[in-house]
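Spelled out from the first residue to the last, the chains are:
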Amino acid sequence: MRWSAQKGQGQLPAGTAAVPRMRGRNVDSHRLYWVVVARDWWLKVNSREDWGEIIEEMALPKRCVNNEIALKKINFRFL
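Rules used throughout
- Residues numbered from 1 in each chain as written.
- Predicted model: local features only at pLDDT ≥ 70, side-chain atom pairs only at ≥ 80, totals over all residues.
- Heavy atoms only, no water.
- Helix = DSSP H or I, 4+ residues; strand = E, 2+ residues; numbered from the N terminus.
- Buried < 20%, exposed > 50% of the residue type's maximum accessible area, 1.4 Å probe, protein only.
- Contact = heavy atoms within 4.5 Å.
- Phe/Tyr/Trp six-rings, centres within 6.5 Å; stacked < 30°, edge-to-face > 60°.
- Salt bridge = Lys/Arg side-chain N within 4 Å of Asp/Glu carboxyl O.

**Observations concerning the environment of His-30**
Working step 1: Within the element layout of this structure, His-30 appears in helix α1 (residues 29–38).
Working step 2: By relative accessible area, His-30 is classed as exposed at 54%.
Working step 3: Sequence separation between His-30 and Phe-78 is 48 residues, and the spatial gap between their C-alpha atoms is 9.8 Å.

**Some points on the side chain of Asp-50**
Working step 1: Relative to the elements of secondary structure, Asp-50 occurs in the loop between α2 (41–48) and α3 (51–57).
Working step 2: When sequence neighbours within four positions are dropped, the list of residues in contact with Asp-50 reads Arg-39 and Val-45.

**Here we look at the packing of aromatic side chains**
Each pair of aromatic rings is reported with the distance of its centres and the angle of its planes.
Working step 1: For the structure shown, the criterion picks out two aromatic pairs.
Working step 2: Between the aromatic rings of Tyr-33 and Trp-34, the centroid separation amounts to 4.9 Å while the plane-to-plane angle is 85°, which identifies the pairing as edge-to-face.
Working step 3: Taking the relative accessible area as the measure of exposure, Trp-34 reaches 47% and is therefore partly exposed.
Working step 4: For the ring pair Tyr-33 and Trp-41, a centre distance of 5.5 Å and an interplane angle of 80° mean the geometry is edge-to-face.
Working step 5: The class for Tyr-33 is partly exposed, based on a relative accessible area of 30%.
Working step 6: Cluster of aromatic residues (ring-pair linked, three or more members): Tyr-33, Trp-34 and Trp-41.

**Describing the side chain of Asn-75**
Working step 1: Looking at where Asn-75 falls in the secondary structure, it is placed in helix α4 (residues 67–78).
Working step 2: On the basis of relative accessibility, which here comes to 8%, the residue Asn-75 falls in the buried class.
Working step 3: Apart from the residues within four sequence positions on either side, Asn-75 is in contact with Leu-32, Val-36, Trp-42 and Trp-51.

**Some details on the pattern of salt bridges**
Working step 1: Counting across every chain of the model gives four salt bridges.
Working step 2: One salt bridge in this structure joins Asp-50 and Arg-48, with 3.1 Å as the shortest N-O distance.
Working step 3: For Asp-50, a relative accessible area of 8% gives the class buried.
Working step 4: The exposure class assigned to Arg-48 is partly exposed, which follows from its relative accessible area of 42%.
Working step 5: Overlapping salt bridges bring together Arg-39, Arg-48, Asp-50, Glu-53 and Glu-57 as one network.

Printed below as a string of structure tokens:
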């Protein structure tokens, strides 16, 4: 079974890293980390619900269903 980062099914082959994706586009996890850190870390970003602004700042797809929740999960899972 092949691994799909979007569906989270199967297993990753040894020595490979998954690339987080939103609506078919790669999410730069390094940049996401620094954007969240610059906004006073995850708890403040989450309490102020800044995820929509982060999506715009990172030029990620806006027309993704539950894109803010997806970005939160990417941030939590990959960082």
